[in-house]
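One-letter residues, chain by chain:
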Amino acid sequence: MTASILLPGAPSQPLTAVVAENNKVVESTGAISYTEPSLISQPEHSASLGPPHLYFFKDGLRRVAPYFYTYNTWCKERWRGRKIIEVFESEFRERSVEYYRAAMESGQVAVNGKIVSPDYVMVNGDLVSHTTHRHEPPVTQDPVQVIHEDDDMIVINKPSGVPVHPAGRYHYNSVVEIMKAERGPTFAPRPCNRLDRLTSGIMFIAKTAKAAESLSAQIFRRSVRKEYLARVVGRFPDGEVVCDQPILQISPKLGLNRVRANGKSAKTVFKRLAYYPSPIIKPSSSNSPSPDEAETGGPGDHFTRETEGYSIVRCLPVTGRTHQIRVHLQFLGHPVQNDPIYANQKVWGFDLGRNDAEATLNTDEDVLSRLARMGKEQVADAVAYYDEMVDVYHKKKAERMSGQLCDVCETPLYTDPGSQELSLWLHSLRYEDADGSWSYVSPLPAWAMPPEGASGPTQVGGMDDLVDAAGEDMKIEVS
């Protein structure tokens, strides 16, 4: 029995994991082992291999060895009457047209299980298959921690940097597949809430369809309260801070959002939990800026964002817009400190979109143009406001092209991801029912604990102050 999932966009479009074992291509039900293969055009069937063969761990990362994977998709209406090479060139741009032409001639790309020429004209009912050599990015080796489990539900603490579902370059390195590998092939996890790949914290994994429907209905009715924790740049203001600025998605393709007066209504309540100032570093001959640095500022110079320290902030989203907490914190001038997008001067300029609801300081076009130029060839620090100022001192390695090619498929290889590719200092801390019937709170993440030599809170109290600050909107949302 082969493992398959459905492709979005059309019915009955399975993906089948095809794995190389002992230089033969076999189908797998989930867990895989790997020996560097040659490309074999005729796959053989095999029973599932055990979970110990699926992952290996090195340098603090969970890794999956490269494997063959076959994508199957039915001919879409817009493809009918077009040459297959034209379809691949226009709709599957991650590879070159030369690659696709060679793949069709070798049978890696096939139609209805048969080799076709690049000039084959597609018709209704064609099943297109593409067997490719997949290289999954590694993720953190931190485990998927179980906070609570009963007959219906598992409450987990999702590690940062791990996607929930298989998507894009990630398949086995996802929460769903990791839990299936740990609990056996009959386990069918059903995530009930959504967290971005970089966000850590509370997630609900239902064991049954009925349990999933019940919790999903509560979340949809907004009778469930959520609290997040963020580590932000600078000293966040005292007391409860309410941001009700509307949010507009300026690029659906890139998933980019910003505060705009013509956006959708959004509201978040914030409250500082702790503030930790940075130690003052006096300039010396060993850290004096170079002539290049003197033009832009450097450590110990007049630019003070680095020496402002950071705050741990509690966040209560009243509405649920995409990237709402990150966007509102950016607008308030206190972005998540290591946010690769919303705390990046290379994208937003020096002020990072602060108090720019009319987009007069940076137009949408300016922001999108800068973001588009940030390819994988670059090392995008995005550590805070001061990324340009202390670039020489604080350069961090991010995932980028290594300049090497895979010996099997000649795919350009990436380096291991850097810390900012694996973590965002935004954590789903708490979920609770509005009537108080249940509540789950995770431990504070390491980045929210007091730094060495400092004192500060190690746990968070109740949500009453945040809920009161939300006012009538919160009462309406949870009614």
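All of these numbers come straight from a predicted model, not from anything done at the bench.

Criteria and cut-off values
Residues numbered from 1 in each chain as written. Predicted model: local features only at pLDDT ≥ 70, side-chain atom pairs only at ≥ 80, totals over all residues. Heavy atoms only, no water. Helix = DSSP H or I, 4+ residues; strand = E, 2+ residues; numbered from the N terminus. Contact = heavy atoms within 4.5 Å. Areas by Shrake-Rupley, 256 points an atom, 1.4 Å probe, with all protein chains shown as cover. Buried < 20%, exposed > 50% of the residue type's maximum accessible area, 1.4 Å probe, protein only. Arc of directions from axis to C-beta. pLDDT = per-residue confidence, 0-100. Core = buried A, V, L, I, M, F, W, Y, C linked by side-chain atoms within 4.5 Å. Pairing = 2+ DSSP bridges. Phe/Tyr/Trp six-rings, centres within 6.5 Å; stacked < 30°, edge-to-face > 60°. Lys NZ or Arg CZ within 6 Å of the ring centre and 35° of its normal.

Chemist: Please clarify how the overall build of the protein should be interpreted in this entry.
Modeler: Summing up its helical and strand segments, the protein has 12 helices and 24 strands in all. Considering only contacts within the protein whose residues lie at least 6 apart along the sequence, 66% involve residues at least 24 apart. Here the protein has roughly 23200 Å² of accessible surface; of this, 51% comes from carbon and sulfur atoms.

Chemist: Please clarify how unusual backbone geometry should be interpreted in this entry.
Modeler: Outside of glycine, negative phi angles account for most residues, and trans bonds account for most peptide bonds. With phi around 55°, Asp59 is a residue other than glycine that occupies positive phi space. Within the secondary structure, Asp59 sits in the loop between strand 4 (56–58) and strand 5 (61–63). Of the residues examined, Asp59 reaches a relative accessible area of 62% and is grouped as exposed. Even without being glycine, Asn355 reaches a positive phi, approximately 50°.

Chemist: Explain helix 2 (residues 97–106) to me, please; I cannot follow it from the model alone.
Modeler: Helical geometry note: an α-helix holds 3.6 residues per turn, so side chains three or four residues apart project in the same direction. Buried within helix 2 are the following residues: Tyr99, Tyr100, Ala103 and Met104. Along the axis of helix 2, the buried positions cluster into a sector of 130°, meaning they face one direction only. In helix 2, the exposed positions that point more than 90 degrees away from the buried face belong to Glu98 and Glu105. Of the surrounding elements, those touching the buried residues of helix 2 are helix 1 (84–91), strand 7 (109–111), strand 8 (114–115) and strand 9 (127–134). Just downstream of helix 2, Gly107 is the residue with a positive phi angle, here 95°.

Chemist: Would you take a moment to explain the confidence of the model for the protein for this structure?
Modeler: Reading fine detail from the predicted coordinates is not recommended where pLDDT is low. In the predicted model, the protein carries a mean pLDDT of 78, and 75% of its residues have values of at least 70. Low pLDDT, under 50, characterises residues 281–307; the stretch is placed with 33 contacts to residues that sit more than four places away or in other chains. Taken as a whole, residues 375–397 scores under 50 in pLDDT and shows 78 contacts with residues more than four places along the chain or in a different chain.

Chemist: I'm lost on the nonpolar core in this one. Help?
Modeler: Burial of nonpolar side chains together is a common tendency in soluble globular proteins. Among the nonpolar cores identified, the biggest contains 74 residues, and Ile156, Met179, Phe204, Leu229, Phe270, Ile312 and Leu329 are the most heavily contacted of them. Listed in part, the 15 residues of the second largest apolar core include Val87, Ala103, Val116 and Met122.

Chemist: I keep staring at the environment of Gln404 and nothing clicks. Help me out?
Modeler: Note that Gln404 resides in strand 21 (residues 401–405). Among the residues examined, Gln404 registers a relative accessible area of 53% and is labelled exposed. The spatial distance from the C-alpha of Gln404 to the C-alpha of Thr415 is 9.3 Å, given a sequence separation of 11 residues. Filtering out sequence-adjacent residues up to four positions away, Gln404 remains in contact with Thr411, Pro412 and Leu413.

Chemist: Quick question: what am I supposed to make of helix 1 here?
Modeler: The set of residues buried in helix 1 consists of Ile84, Ile85, Val87 and Phe88. Buried residues of helix 1, seen end-on, are gathered within an arc of 160° and therefore sit on one face of the element. As for helix 1, its buried residues are in contact with helix 2, strand 7 and strand 9.

Chemist: Can you help me understand the sheet that holds strand 4 in this one?
Modeler: What holds strands together in a sheet is hydrogen bonding between their backbones, with the strands either parallel or antiparallel. The 3 strands are arranged 4-5-10 in an open sheet whose pairing can be described as antiparallel. Looking at the sheet topology across the chains shown, the edges are occupied by strand 4 and strand 10 (139–140). Here strand 5 pairs with strand 10 via 2 bridges, running antiparallel. Bridge assignment links Arg62 to a residue of strand 10, and that residue is Val139.

Chemist: I'm lost on the pairing of strand 16 (residues 240–243) in this one. Help?
Modeler: When a strand is regular, its side chains alternate between the sheet's two faces. The alternating pattern of strand 16 places Val241 and Cys243 on a buried face, while none of Glu240 and Val242, on the opposite face, is buried. Relative to strand 19 (residues 268–276), strand 16 runs antiparallel, the two being bridged by 4 bridges. Within the sheet, the bridge partner assigned to Glu240 lies in strand 19 and is Lys271.

Chemist: I would appreciate a short explanation of the side chain of Thr199 in the present structure.
Modeler: Assignment of secondary structure puts Thr199 in the loop between strand 13 (190–191) and strand 14 (200–206). Here Thr199 is in contact with Lys158, Pro159, Ser160, Tyr228, Leu424, Leu426, His427 and Ser428, once residues within four sequence places are set aside.

Chemist: What am I meant to see in the pairing of strand 11 (residues 145–149) here?
Modeler: The pairing of strand 11 with strand 12 (residues 153–158) spans 4 bridges and is classified as antiparallel. Within strand 12, the residue paired with His148 across the bridge is Val155.

Chemist: Mind showing me how you'd approach the packing of aromatic side chains here?
Modeler: Both the distance between ring centres and the angle between the ring planes are used here to describe each pair of aromatic rings. Under the criterion given, the structure shown has 14 aromatic pairs. Between Tyr67 and Tyr69 the ring centres are 5.8 Å apart and the planes differ by 70°, which places this aromatic pair in the edge-to-face class. A single burial state applies to Tyr67 and to Tyr69, both of which are buried. Consider the rings of Tyr99 and Tyr100, whose centres lie 5.4 Å apart with planes at 70°: the pair is edge-to-face. For the residue pair Tyr99 and Tyr100, the accessibility class agrees, reading buried in each case. Among the aromatic side chains, those forming a connected cluster through ring pairs are Trp79, Phe88, Phe92, Tyr99 and Tyr100. It is Arg62 that lies over the ring of Tyr55; its NZ or CZ is 4.8 Å from the centre. For the cation-ring pair, Arg134 lies above Tyr69, with the distance from its terminal atom to the ring centre recorded as 4.5 Å.

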